[in-house]
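Examining the three-dimensional arrangement
So the chains spell out like this:
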Amino acid sequence: MKIMVIGGGGREHAIIKSIKKNPLVDKIYALPGNGGIAMDAECIDIGATDLDKIVDFAKSKDIDYAIVAPDDPLVMGLVDLLEDEGIPSFGPSKAAAIIEGSKAFSKELMKKYGIPTAEYEIFSDVDSAYSYIESCNIPVVVKADGLALGKGVIIAETRDEAKAAIKSIMEDKAFGKSGDTIVIEEFLEGPEVSILSFTDGNTLVPMVSSMDHKRALDGDKGLNTGGMGTIAPNPYYTEEIAEICREEIFLPTMIAMNREGRRFKGCLYFGLMITKDGPKVIEYNCRFGDPETQVVLPLLESDLLDIMLHVTNESLDQAEVVFSDGAACCIVMASEGYPASYEKGFEINLPENMDSIFIAGAKTSSQGKLVTSGGRVLGITETADTLKEAVNKAYEKVKSVHFDNAFYRKDIGKKALDV
Ligand code: AMP
Ligand code: GLY
């Protein structure tokens, strides 16, 4: 089979390393991929949102199967375009990807179908948003409706901060049209759990639970990032919580999307908060999370490509989806300064064994060397029987990777080990 993977981060590298294990795979193209992915796939210099070029490329190479990993091309409708050309693809249609593409849509969906989430109001008019802030409870959370590179959520501790958030999103257009509409919602408290699931619209199979570490610095301090590390499984996700999530959140969401004529096929990601009133949805993503994927896939014992094909063919009930009983830890090595400004272009020295190393922000220099090119440079994952061992092994492996200005959190997994 000739496979095309859209995207170019650590998540895509993890997906590619997983599907490579399937003997049916003859060739993998990554669009655009990155300097590290180039060790495992042929990288093609076409951006993930260059939809027409992607479709032309797929046709010219007779691609048998496409995997669309990032949010933007999914929300823009790449899967529909590929399938119109007869190219089966993993990922939701444009109609279904709206579950991530519009927070207003997802909040209305949850309200309509009684799925637990934070109380909220939606505003498209700036003055109404400002006047709501005068009397709402504080802290309050202000969210841009559309995609905003994970930066469109502002937790305001004071009314002035909330007003500044509204100004930035709605008036200064910090996230462009994504901020034409905003959601203002109740501030929730509790541990967060990420659940990635496979679903074909008939069956939904949750993957092993995970925990992201979003802040840049140890002790959950510093700016919000795309994620500085992950562990799996998440100790807050007990069997009892899992059962509640299944009955009150996962299946109701799948059914709701079907009833709305938006059958979701692909990886549906539930960002959950375990509040004192039970689990609630913080956000939906229409794709694999990153760096969650970098701990979840190394624990998958079944064949990823086989499961994906079952999702596409709507036969997920016949797929084998088995995860190891062990644990995994992923430590993200970033460029000093990330998520604000940072220098790039430093040579990366990697160990011989690249099994559990997923490259994100790196490119091949004109001298043919692998150099840093992004904020999050790579993820290092180790698995073991226990979380403690996985964490120790991952930190040990970090010592075998070198580049100037490297920066990583020293406490990935600490919170989970303290539970
Ligand atoms: P999101 O981009 O929607 O995942 O939000 C980013 C982060 O903001 C989440 O992982 C939470 O830590 C936090 N967050 C979002 N919504 C809320 C809320 N209603 N209450 C408390 N924290 C929130
Ligand atoms: N790690 C969070 C996300 O992928 O959205």
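Residues numbered from 1 in each chain as written. Chains lettered and ligands numbered in written order. Predicted model: local features only at pLDDT ≥ 70, side-chain atom pairs only at ≥ 80, totals over all residues. Heavy atoms only, no water.

**A look at the site of ligand 2**
As a reminder, the rule being used: Whether a residue is near a molecule or strand depends on its heavy atoms: it is near if one of them lies within 4 Å of it. Polar contact is defined as a pair of N or O atoms within 3.5 Å, subject to the rule that within protein one atom must be able to donate a hydrogen and the other to accept it, and that residues adjacent in sequence are counted only when both atoms are side-chain atoms. Note on areas: these come from Shrake-Rupley sampling with a 1.4 Å probe, and a residue is covered only by the protein chains present in the view. Residues are grouped as follows: Ala, Val, Leu, Ile, Met, Phe, Trp, Tyr, Cys and Pro are nonpolar; Asp, Glu, Lys and Arg are charged; every other residue, Gly included, is polar.
Taken together, the neighbourhood of ligand 2 is formed by Asp212, Gly226, Tyr269, Asn285, Arg287, Gly289, Asp290, Pro291 and Glu292. Asparagine 285 has a polar side-chain atom sitting 3.2 Å from an oxygen atom of ligand 2. The separation between an oxygen atom of ligand 2 and a polar side-chain atom of arginine 287 is 3.0 Å. Relative to its unbound accessible surface of 190 Å², ligand 2 loses 88% to contact with the protein. In the shell around ligand 2, the residues fall into 2 nonpolar, 3 polar and 4 charged.

**Let's talk about the pattern of salt bridges**
Worth spelling out the cut-off: By definition here, a salt bridge exists when the distance from a side-chain nitrogen of Lys or Arg to a carboxyl oxygen of Asp or Glu is within 4 Å. The way it works is that DSSP assigns letters per residue, a run of H or I at least four long becomes a helix, a run of E at least two long becomes a strand, and they are numbered from the N terminus. Three exposure classes are used, based on accessible area relative to the maximum for each residue type with a 1.4 Å probe and protein chains only: buried under 20%, partly exposed in between, and exposed over 50%.
On inspection of all chains with the given rule, the structure shows 24 salt bridges. Of the charged contacts, one joins glutamate 185 and lysine 107 as a salt bridge, the two residues approaching to 2.7 Å between their closest N and O atoms. Taken together, the positions of glutamate 185 in strand β9 (residues 182–186) and lysine 107 in helix α6 (residues 103–113) put the pair 78 residues apart, joining distant regions of the chain. Comparing glutamate 185 with lysine 107 shows no difference in burial state: the two are buried. Lysine 397 is the partner of glutamate 382 in a salt bridge, and the nearest nitrogen-oxygen pair spans 3.8 Å. Here lysine 397 lies in helix α12 (residues 387–398) and glutamate 382 lies in strand β22 (residues 376–384), a separation of 15 residues in the sequence. For lysine 397, a relative accessible area of 13% translates into the label buried. One network of salt bridges, in which partners are shared, links Asp220, Arg409, Asp411 and Lys415.

**Some points on the site of ligand 1**
Near ligand 1 lie 14 residues; those nearest to it are Glu185, Glu186, Leu188, Glu192 and Glu283. The contact in question runs from a nitrogen atom of ligand 1 to an N or O atom on the side chain of glutamate 185, over 2.7 Å. In this structure, glutamate 186 approaches ligand 1 through a main-chain N or O atom, which is 2.9 Å from a nitrogen atom. For the shell around ligand 1, the secondary-structure elements that each account for two or more residues are β7 (140–144), β8 (153–156), β9 and β17 (278–285). Across the shell around ligand 1, the residue classes tally to 7 nonpolar, no polar and 7 charged.

**Section: the sheet that holds strand β11 (residues 204–206)**
Heads up, the condition is: DSSP calls a pair of strands paired once it identifies at least 2 bridges connecting them. Interaxial angles span 0 to 180 degrees and are taken between N-to-C directions of axes, which are lines fitted to C-alpha atoms, for helices over the stretch in contact.
Read from one edge to the other, the open sheet built from 4 strands follows the order β11-β10-β16-β17, with strand pairing classed as antiparallel. Both outer strands of the open sheet, β11 and β17, are each paired with one neighbouring strand and no more. Within this sheet the neighbouring strands show an average axis-to-axis angle of 35°, counted without direction. In the sheet, strand β10 (residues 192–199) pairs with β11 via 3 bridges, with the strands oriented antiparallel. Directly across from threonine 199, in β11, lies its bridge partner leucine 204.

**Concerning the pairing of β17**
For β17, a buried count of 7 out of 8 residues is recorded, marking the element as mostly surrounded by other parts of the structure. In the sheet, strand β16 (residues 266–275) pairs with β17 via 7 bridges, with the strands oriented antiparallel. By the bridge assignment, phenylalanine 270 is partnered in β17 with tyrosine 284. The turn linking β16 back onto β17 is made up of 2 residues.

**Quick word on empty space enclosed by the protein**
Spelled out, the test is: Put simply, the grid is 1 Å and covers the protein atoms alone, a cavity is a trapped set of points that fit a 1.4 Å probe, a pocket is an open set with protein on both sides within 12 Å along at least five of seven lines, and lining residues have an atom within 4 Å of a point. Grid points are joined across faces, edges and corners, and a volume is the space filled by probe spheres set on the points.
Inspection of the entire model under this criterion finds 2 cavities of 30 Å³ or more. Taken as a whole, the largest cavity holds about 50 Å³ of empty space. Contributions of two or more residues to the lining of the largest cavity are made by β4 (65–68) and β16. Its volume calculated, the second largest cavity comes out at about 50 Å³. Lining the second largest cavity we find Gly10, Asp290, Gln294, Val332, Ala360, Arg376, Val377, Leu378 and Gly379. By residue number, the principal contributor to the lining of the second largest cavity is β22, which donates 4 residues. The class makeup of the residues in the lining of the second largest cavity is 4 nonpolar, 3 polar and 2 charged.

**Structural notes on the environment of leucine 223**
What counts, and what does not: Contacts were defined at the residue level, with two residues in contact if any of their heavy atoms lie within 4.5 Å.
Among the structural elements, leucine 223 can be located in strand β14 (residues 221–224). Apart from residues no more than four positions distant in its own chain, leucine 223 is found in contact with Lys214, Arg215, Ala216 and Pro339.

As far as function goes, none of this settles anything; it's purely spatial.
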